[in-house]
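Here's the letter readout for the chains.
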Amino acid sequence: MKGTVLICCFLALLQLQATAEEEEGEDFISVLRDRSHIDETLRLATEEKAGDYAAALERLRKIYHTSIRPMEQAYKYNELRQHEISAYPGRTLGDSSTDGEITSKPMVLFLGPWSVGKSSMINYLLGMNDSPYQLYTGAEPTTSEFTVIMHGEKIRSVEGIVMAADSSRSFSPLEKFGQTFLEKLIGIEMPHKLLERVTFVDTPGIIENRKQQERGYPFNDVCQWFIDRADLIFVVFDPTKLDVGLELEMLFRQLKGRESQIRIILNKADNLATQDLMRVYGALFWSLAPLINVTEPPRVYVSSFWPYDYAPDTSRELFKREEISLLEDLNQVIENRMENKIAFIRQHGIRVRIHGLLVDRYVQTFKEKMSYFSDPELVFKEIVDDPDKFYIFKSILAKTNVSKFDLPNRDAYRDFFGVNPITNFKPLTAQCSYMGGCLLEKIERAITNELPALLSSINSGKQPGLSSCEATGCGEKPKNRYRKN
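Residues numbered from 1 in each chain as written. Predicted model: local features only at pLDDT ≥ 70, side-chain atom pairs only at ≥ 80, totals over all residues. Heavy atoms only, no water.

Caption draft 1: Looking closely at the packing of aromatic side chains. Taken as a whole, this structure holds 26 aromatic pairs when the rule is applied. Plain terms: the ring middles of F171 and W225 are 6.4 Å apart, the flat faces sit at 40 degrees to each other, and that makes the pair tilted. On the criterion of sequence distance, the pair formed by F171 in the loop between α6 (160–165) and α7 (179–182) and W225 in helix α8 (residues 219–229) is long-range, its members being 54 residues apart. When its relative accessible area of 5% is taken as the criterion, F171 is described as buried. Plain terms: the ring middles of F380 and F417 are 5.1 Å apart, the flat faces sit at 85 degrees to each other, and that makes the pair edge-to-face. Note that F380 is positioned in helix α13 (residues 376–385) and F417 in helix α15 (residues 410–419), a separation of 37 residues in sequence. By the burial criterion, F380 is buried, and F417 matches it. Clustering of aromatic rings is evident, with ring pairs tying together Y75, Y362, F366, F380, F393, Y413, F416, F417 and F425. For R33, the ring lying beneath its charged end belongs to Y124, and the centroid distance is 5.1 Å. Lying across the ring of Y310, R33 places its NZ or CZ 4.0 Å from the centre. (Phe/Tyr/Trp six-rings, centres within 6.5 Å; stacked < 30°, edge-to-face > 60°. Helix = DSSP H or I, 4+ residues; strand = E, 2+ residues; numbered from the N terminus. Buried < 20%, exposed > 50% of the residue type's maximum accessible area, 1.4 Å probe, protein only. Lys NZ or Arg CZ within 6 Å of the ring centre and 35° of its normal.)

Here it is as structure tokens:
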């Protein structure tokens, strides 16, 4: 009898435990946060005009390859600025990695200390929580790879070696960081509306008590490569990691000049009471003030970016408004991606033009100073060591509409000509052909006419397939159709 009673009591306890677990499961499901505001703010349900965007992209690609790239190749600009648009020499037009960079989607880069919620934030934005391909998260340092989350027809992972070997992508230049880094690079493809418009890059967390050399690859150089190509940079902190060490300080040095693209995020804000949150907010400002070289204080977005509901008794309305503000910034990058590409290609064209003018000036000065009895190496060494003596840079400023703030570093040309002898280059006056025209005229036409016309057509909503330069010849007088020949 006693045994029967004990068995009945045991079964009753098991039933109560199962019921409690079911209720906990229901409570757990009920605390998942509503994600409808993400779709609304990012307008994921809105269909894009793919035809207009593709036409503008093709026109931009044509302008680059016909007007900018010839001078870039003739004067080997890529060897001066490796972080700019680059293409491997010897490749054909279709195999060039430049096409991948021009046609690539906007890139959003996540940076910050370890375990501050970078991967959780990506999981939340893409709705990947509890899916097989969600990014692994935890209280310990979990992300040791650079993870690129991009659009694909099906969910699959792509090894870094494959990404670097695929010329249709924009990651081919990453091969220069070595095979050890490529083993730490991984891509995840998945069909997602947001990934049709943007690419996310998750980075390893910054660990101040570990030397950079222990990573096995140049971590800061890799970060710089992604920083130079990112359209938006999220620097994420949490209330427990506000101190700034050497590696984080180095990272902010690399971010100088990109302040307009940086968004500082104080994550996991619902873990604190309101008074403590105010103190943490002030401490974060105090830590970052010496690192950000701007006159206005940076905007810090305070919220909790993960799929579960905010903690009780916290400023949930404030956190949601902050989250929507950050999503609006992301949406602006998506909406303006074509304009940003045109502006970037034009800026690149200006730098290539300045480089061509400088190399031309070095060539002219070298020929002027050479005589029958001169030693070519000594003459050119004197010019490269002291270009101001021969007014190399000042003559460019005097004769052209070039800003002194756009001039490259003088020391860079000492290294440049150390690899590329001056005798390998022709002056700009010799870079002309009967059919193709002059390199300088073509790149100036692209900078002053073709790219601004393409940008105007995008802003005004006109069809960008035919620019005004193609109609009138850009620089030529319009033909009179009514005049008899």
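Caption draft 2: Inspection of the sheet that holds strand β8 (residues 300–302) at higher detail. Taken together, 8 strands build an open sheet; the order of strands is β3-β4-β2-β5-β1-β6-β7-β8 and the sheet is mixed. Either end of the sheet is taken by a strand with one partner, and the two such strands are β3 (156–159) and β8. The sheet shows a mean angle of 25 degrees between the axes of neighbouring strands, taken without regard to direction. Bridge count between strand β7 (residues 262–266) and β8: 3 bridges; the pairing is parallel. Residue pairing for β8: L266 is matched across the bridge by V302. Running at roughly 130 degrees to β8, helix α11 (residues 316–335) makes contact with β1 (107–111), β5 (199–202), β6 (232–237), β7 and β8 of the sheet. (Pairing = 2+ DSSP bridges. Axes fitted to C-alpha atoms, helices over the stretch in contact; angles between N-to-C directions. Contact = heavy atoms within 4.5 Å.)

Caption draft 3: The environment of K105, seen in detail. Within the element layout of this structure, K105 appears in the loop between α4 (97–103) and β1. Distance in space between the C-alpha atoms of K105 and D231 is 9.4 Å, their sequence separation being 126 residues. When residues no more than four places from it in sequence are discounted, the contact partners of K105 are L195, E196, R197, V198 and T199.

Caption draft 4: Structural detail: the packing of α8 against helix α9 (residues 246–254). Interaxial distance between α8 and α9 falls to 10 Å at its minimum, and their mutual angle equals 35 degrees. Where α8 crosses over α9, the handedness of that crossing is right-handed. Residues F219, N220, D221, C223, Q224 and I227 of α8 lie in contact with α9, whose contacting residues are E247, M250, L251 and Q254. Partitioned by chemical class, the residues of the contact of α8 with α9 number 5 nonpolar, 3 polar and 2 charged. (Left-handed = near helix turned anticlockwise from the far one by under 90°. Nonpolar A, V, L, I, M, F, W, Y, C, P; charged D, E, K, R; others polar.)

Purely spatial values, then, with no claim about function.
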